Amino acid sequence: MLLVEDDDLMRRSFAVALERYGYELRVAADGLAGLELFREESFDLLILDVMLPGLDGIGLCRRVRETSLVPVLMMSARGDGLDVVAGLEAGADDYVVKPVDTYVLVARIRSLLRRATYAPAPVAERAVGDVPPPSGEGLLVFGDLAIDTGGLEVLVSGSPVALTPTELKLLLEFAAHPGIVLERHTLLRNVWEYGWDGDSRVVDLCVQRLRRKLGRDRIETVRGFGYKLRR
């Protein structure tokens, strides 16, 4: 796990707390050092502060997303500001607002790591469609969108689409309920594993990212309620 945080005291306190929970941690004090570590080593998860010298957390997240789908957790001192939106639009999977309790931080980390290793139940029957099936056990087809639930692959018009673990789990949640409106709080609970009311912006912005990758009309907004996957 890589933690990029410029505040020395906060960086050390996070490192001590996370190592106490058994996580192996590498740390960097600025965005450029974090980017160099990311390129040199393999990490299961990145924790990025938004306000970093040299290369800020938003820019670092964008650079990471150019080559990797590793889960990214952003930390922001302005939970109601533009930092949250910018971080999620850059490709972050979730965020926490500083100061953050250790148990909240660990809960978010565990949720992200579970999403990264998510394996849905196999689909009993293959759907029929005009897209050649991928090499998995179960196939869901919605027009030009094909989801191989065994191999965890997504195709649009026969071409593979790279999704982050969070984007994939969100898509699978929609695919398990095609044509059914899913409320934001339901998606927060089932995808982000929030046991409390969370910020629905993480849902809205993740849906926006899915639309950019799958086509804008694939996921429909039902105003005042939530979203649904078109059959």
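Residues numbered from 1 in each chain as written. Predicted model: local features only at pLDDT ≥ 70, side-chain atom pairs only at ≥ 80, totals over all residues. Heavy atoms only, no water.

S.K.: Tell me about the packing of helix α5 (residues 102–116) against helix α6 (residues 165–175), residues and numbers included.
M.R.: As a packed pair, α5 and α6 sit with axes 8 Å apart at the nearest point and diverge in direction by 70°. Classified by the angle between their axes, α5 and α6 sit roughly perpendicular to one another. Contacts between α5 and α6 involve L112, R115 and A116 from the former and P165, T166 and K169 from the latter. Taken together, the residues of the contact of α5 with α6 sort by class into three nonpolar, one polar and two charged. (Axes fitted to C-alpha atoms, helices over the stretch in contact; angles between N-to-C directions. Helix = DSSP H or I, 4+ residues; strand = E, 2+ residues; numbered from the N terminus. Parallel < 35°, antiparallel > 145°, perpendicular 65-115°, else oblique. Contact = heavy atoms within 4.5 Å. Nonpolar A, V, L, I, M, F, W, Y, C, P; charged D, E, K, R; others polar.)

S.K.: Could you give an account of the confidence of the model for the protein, naming the residues involved and the relevant values?
M.R.: Per-residue pLDDT for the protein averages 87, and the proportion of residues at 70 or more is 88%. Note on residues 121–136: pLDDT under 50 across the span, and 30 contacts to partners over four residues away in sequence or across chains. (pLDDT = per-residue confidence, 0-100.)

S.K.: Residues and numbers for the sheet that holds strand β6 (residues 139–142), please.
M.R.: Strand order across the open sheet formed by four strands is β6-β7-β8-β9, with antiparallel pairing between neighbours. Each having just a single partner strand, β6 and β9 (159–160) make up the two edges of the open sheet. Where α6 meets the sheet, it contacts β6, β7 (145–148) and β8 (153–156), and its direction lies at approximately 105° from that of β7. (Pairing = 2+ DSSP bridges.)

S.K.: Can you lay out the environment of G215 for me, pointing to particular residues and giving the numbers?
M.R.: Structurally, G215 can be placed in the loop between α8 (201–214) and β11 (219–222). Assessed through its relative accessible area of 28%, G215 is described here as partly exposed. Between the C-alpha atoms of G215 and L145, which are 70 residues apart in sequence, the distance is 9.3 Å. (Buried < 20%, exposed > 50% of the residue type's maximum accessible area, 1.4 Å probe, protein only.)

S.K.: Can you break down the sheet that holds β11 residue by residue, with the values?
M.R.: An order of β10-β12-β11 is seen for the three strands of this open sheet, with the pairing classed as antiparallel. Two strands bound the open sheet, and with one partner strand each, they are β10 (182–183) and β11. The pairing of β11 with strand β12 (residues 226–229) spans four bridges and is classified as antiparallel. Residue pairing for β12: V222 is matched across the bridge by G226. Contacts between α6 and the sheet are confined to β10, β11 and β12, with β12 contributing the most and set at about 75° to the helix.

S.K.: Please give an account of the pattern of salt bridges that cites residues and values.
M.R.: Across all of its chains, the model carries 14 salt bridges by this definition. One salt bridge in this structure joins R108 and D94, with 3.5 Å as the shortest N-O distance. Separated by 14 residues along the polypeptide, R108 in helix α5 and D94 in strand β5 (residues 94–97) bring together distant segments of the chain. Given a relative accessible area of 10%, R108 falls into the buried group. Among the ionic pairs, R209 bridges to E167, the shortest N-O distance being 2.7 Å. Linking R209 in helix α8 with E167 in helix α6, this pair joins segments that are 42 residues apart in sequence. Residue classification places E167 among the buried residues on the basis of a relative accessible area of 1%. Taken together, the shared-partner salt bridges in this structure form one network comprising E5, D49 and K98. (Salt bridge = Lys/Arg side-chain N within 4 Å of Asp/Glu carboxyl O.)

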